[in-house]
Amino acid sequence: QVQLVESGGGLVQAGGSLRLSCAASGRTFSSYAMGWFRQAPGKEREFVAAITWSGGSTDYADSVKGRFTISRDNAKNTMYLQMNSLKPEDTAVYYCAADVAWRTLVTMTPQYWGQGTQVTVSS
């Protein structure tokens, strides 16, 4: 069982930066691949980024490549999403997720989800 809690969301102007954190409970955090997803008002949830259990491999949605960086610290049971050059279209609720199987993050079917944190980017 894994419990996930996101933090770090807020209101920022276009061009600004935010860093999201996802704190995980459980002693097997390092066994899980992790990912970030987002859902904007009136839109379906979409994939943002994912990272393997070791942090050795990452994947990003085309819309955030070069602007967002996913990372993790297994010693702290925490995953991060550094978001730079934010745009109004990045406004959404951001969710972290975890699963032992990497492919579930790419297919948006991970087993564990956090409750989300709101990110609002003003123009």
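Higher on the page you've got the structure.
Residues numbered from 1 in each chain as written. Predicted model: local features only at pLDDT ≥ 70, side-chain atom pairs only at ≥ 80, totals over all residues. Heavy atoms only, no water.

A. Fine view of the sheet that holds strand 7 (residues 68-73). The strand order 1-3-8-7 describes an open sheet built from four strands, whose pairing is antiparallel. Edge positions in the sheet fall to strand 1 (4-7) and strand 7, since each has one partner strand and no second. On average, adjacent strands in this sheet sit at an angle of 15° to one another, irrespective of strand direction. In this structure, strand 1 lies alongside strand 3 (residues 18-24), joined through four bridges in antiparallel fashion. Looking at the pairing, S7 lines up with S21 of strand 3. (Pairing = 2+ DSSP bridges. Helix = DSSP H or I, 4+ residues; strand = E, 2+ residues; numbered from the N terminus. Axes fitted to C-alpha atoms, helices over the stretch in contact; angles between N-to-C directions.)

B. Inspection of the packing of aromatic side chains at higher detail. Tallied over the entire structure, the rule returns four aromatic pairs. Arranged with centres 4.9 Å apart and planes meeting at 55°, the rings of F37 and W113 form a pair that is tilted. Separated by 76 residues along the polypeptide, F37 in strand 4 (residues 33-39) and W113 in strand 10 (residues 112-113) bring together distant segments of the chain. Assessed through its relative accessible area of 0%, F37 is described here as buried. Overall, W113 belongs to the partly exposed group, its relative accessible area being 30%. With a centroid separation of 6.5 Å and 85° between ring planes, the pair formed by Y95 and W113 is classed as edge-to-face. Separated by 18 residues along the polypeptide, Y95 in strand 9 (residues 92-99) and W113 in strand 10 bring together distant segments of the chain. Positioned over the ring face of Y95 is R45, at 3.9 Å from the centre of the ring. (Phe/Tyr/Trp six-rings, centres within 6.5 Å; stacked < 30°, edge-to-face > 60°. Buried < 20%, exposed > 50% of the residue type's maximum accessible area, 1.4 Å probe, protein only. Lys NZ or Arg CZ within 6 Å of the ring centre and 35° of its normal.)

C. Quick peek at the environment of G55. By the secondary structure assignment, G55 is in the loop between strand 5 (46-51) and strand 6 (58-60). Along the backbone, G55 and S122 are 67 residues apart, and their C-alpha atoms lie at a distance of 32 Å.

D. Quick look at unusual backbone geometry. Backbone geometry at S85 places phi at a positive 50°, although glycine is not the residue there. Take S85: it is sitting in the loop between strand 8 (78-83) and strand 9. According to the relative accessible area criterion, S85 is partly exposed, its value standing at 42%. Of note, the phi angle at M108 is positive, near 65°, even though the residue is not glycine. For M108, the location among the structural elements is in the loop between helix 1 (102-106) and strand 10. On the accessibility criterion, M108 (29% relative accessible area) is partly exposed.

E. Spotlight on the nonpolar core. Core analysis: the biggest nonpolar cluster contains 37 residues, and L4, M34, W36, L81, M83 and Y94 have the highest contact counts within it. Elements that contribute at least two residues to this core include exactly strand 3, strand 4, strand 5, strand 7, strand 8, strand 9 and strand 11 (117-122). The residues touching M34, leaving out its near neighbours within four places in the chain, are L4, C22, F29, A49, A50, I51, I70, R72, M79, A97, A98 and L105. (Core = buried A, V, L, I, M, F, W, Y, C linked by side-chain atoms within 4.5 Å. Contact = heavy atoms within 4.5 Å.)

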